[in-house]
Amino acid sequence: MEVVAADIGGTHVRFAIAEVADGRVVSLGATATQKTADHASLQTAWQAFAASLDRPLPRAAAIAVASPVGGDLIKLTNNPWIIRPALVRERLNVDDFVLINDFGAVGHAAAQMPEESFLHLCGPDEPFAERGVLTVCGPGTGLGVAQVHRTGNGYHVIETEGGHVDFAPLDDLEDAMLKRLRRTYNRVSTERIVAGPGIVTIYETLAEIEGRPVQRLDDKAIWIEALEGKDSLALAALDRFCLSLGAVAGDLALAQGAKGVVIAGGLGLRLKDQLARSGFAERFAAKGRFRSMLEAIPVKLITHPQPGLFGAAAAFAQEHAK
């Protein structure tokens, strides 16, 4: 059957038509991307997607949202939209639907995608174990975290808000980053550093340490400077970001008892070349007495361009498997 897959983030909403059968995704069609700021609600963005096609939409929806899912009202974490699950069928004109946290969806993608959809980052270069836990995490507008329990003949996805645990500095520079953030926030979560907007804090902290004038650049400008190698300070901030991401991924693997780790997120894919040659691997494994345990965990980057859409469709397929 066909289903409309939607992936709603803090900045963009993406749509595609997917075909699912026997609990799995058969195919995922072309992606249509819209800015959430251009639409008042999911319904109006949905209608814009429908208007762009020359055919009626399927009457089934698989919706991934960058927010905890549950209750009568879903307020997206980094997006002003509000979703009322009780009204989804009426507002979107569908008969069946699934609502899932965005990184819960990525967990489904990690469970269903073939080995060639992953790039080895560190640890043993081998397929993920058929049994055990996969930790899934990745930076985008926020820091998404999920857990996948593989049973050998199936899997279960556990949605989490692990990106909002407390940030744990590991050296003087990260102490300075934390101190800077505490000027604004009483409690500093990991997401304040290890997510796209976090590059601003890293960049400004480095500038302050070096006695440079602090330029008030937004995160998009700093990421462009860093990824294009145009600014040495932005490049240093990128290196530090990779270190922090490695440390956080290792902490999550310890907390979840992971047998494998998947790095995802829109920003994760953009960092493909940087992660492999950065200090990510060293920080991931630097867990004192547990270093050998962490060094034995395969860590891979998911390279599919739309794991959120694929995973939303996979969640629908699993729930409606016949």
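See the structure above.
What follows concerns the overall build of the protein chain. Along the backbone of the protein chain there are twelve helices and 14 strands. Taken over C-alpha atoms, the radius of gyration comes to 20 Å for the protein chain, in line with the 20 Å a tight globule of 322 residues would show. Based on the C-alpha atoms only, the size of the protein chain along its principal axes is roughly 60 × 45 × 35 Å. For the protein chain, buried positions account for 52% of its 322 residues. Within the protein chain, residue pairs in contact and separated by at least 24 positions form 67% of the contacts whose partners lie at least 6 positions apart. About 14600 Å² of surface is accessible on the protein chain, with carbon and sulfur atoms providing 49% of the total.

The relative placement of two aromatic rings is captured by the distance of their centres and the angle of their planes. Taken as a whole and assessed by the stated rule, the structure comprises five aromatic pairs. Between Phe118 and Phe128, the ring centres sit 5.6 Å apart and the planes meet at 85 degrees, which makes this aromatic pair edge-to-face. Of this pair, Phe118 sits in strand S9 (residues 118-122) while Phe128 sits in the loop between S9 and strand S10 (131-139), and the two are ten residues apart along the sequence. For the pair Phe118 and Phe128, one class covers both residues: buried. Note on Phe280 and Phe284: the rings are 6.3 Å apart at their centroids and 15 degrees apart in plane angle, and the pair reads as stacked. Of this pair, Phe280 and Phe284 both sit in helix H10 (residues 280-285), four residues apart, roughly one helical turn.

Time to look at the sheet that holds strand S14 (residues 299-302). The strand order across the open sheet built from six strands is S9-S14-S13-S10-S11-S12, with neighbouring strands paired in mixed fashion. This sheet does not close on itself; its edge strands, each paired only once, are S9 and strand S12 (155-159). Pairs of neighbouring strands in the sheet enclose a mean axial angle of 25 degrees, with direction left out of account. Bridge count for strand S11 (residues 143-151) against S12 is five bridges, and the pairing is antiparallel.

Bringing helix H6 (residues 219-227) into the picture now. Looking only at H6, the buried set comprises Asp219, Ile222, Trp223 and Ala226. For H6, the angular spread of the buried residues around the axis is 100 degrees, confining them to a single face. Here the buried face of H6 lies against helix H5 (198-209), helix H7 (232-256) and helix H8 (266-270). In the stretch just after H6, Gly229 is the one whose phi turns positive, near 65 degrees.

Reading the values: the criteria
- Residues numbered from 1 in each chain as written.
- Predicted model: local features only at pLDDT ≥ 70, side-chain atom pairs only at ≥ 80, totals over all residues.
- Heavy atoms only, no water.
- Helix = DSSP H or I, 4+ residues; strand = E, 2+ residues; numbered from the N terminus.
- Rg over C-alpha atoms; globule rule 2.2 N^0.38 Å.
- Buried < 20%, exposed > 50% of the residue type's maximum accessible area, 1.4 Å probe, protein only.
- Contact = heavy atoms within 4.5 Å.
- Areas by Shrake-Rupley, 256 points an atom, 1.4 Å probe, with all protein chains shown as cover.
- Phe/Tyr/Trp six-rings, centres within 6.5 Å; stacked < 30°, edge-to-face > 60°.
- Pairing = 2+ DSSP bridges.
- Axes fitted to C-alpha atoms, helices over the stretch in contact; angles between N-to-C directions.
- Arc of directions from axis to C-beta.

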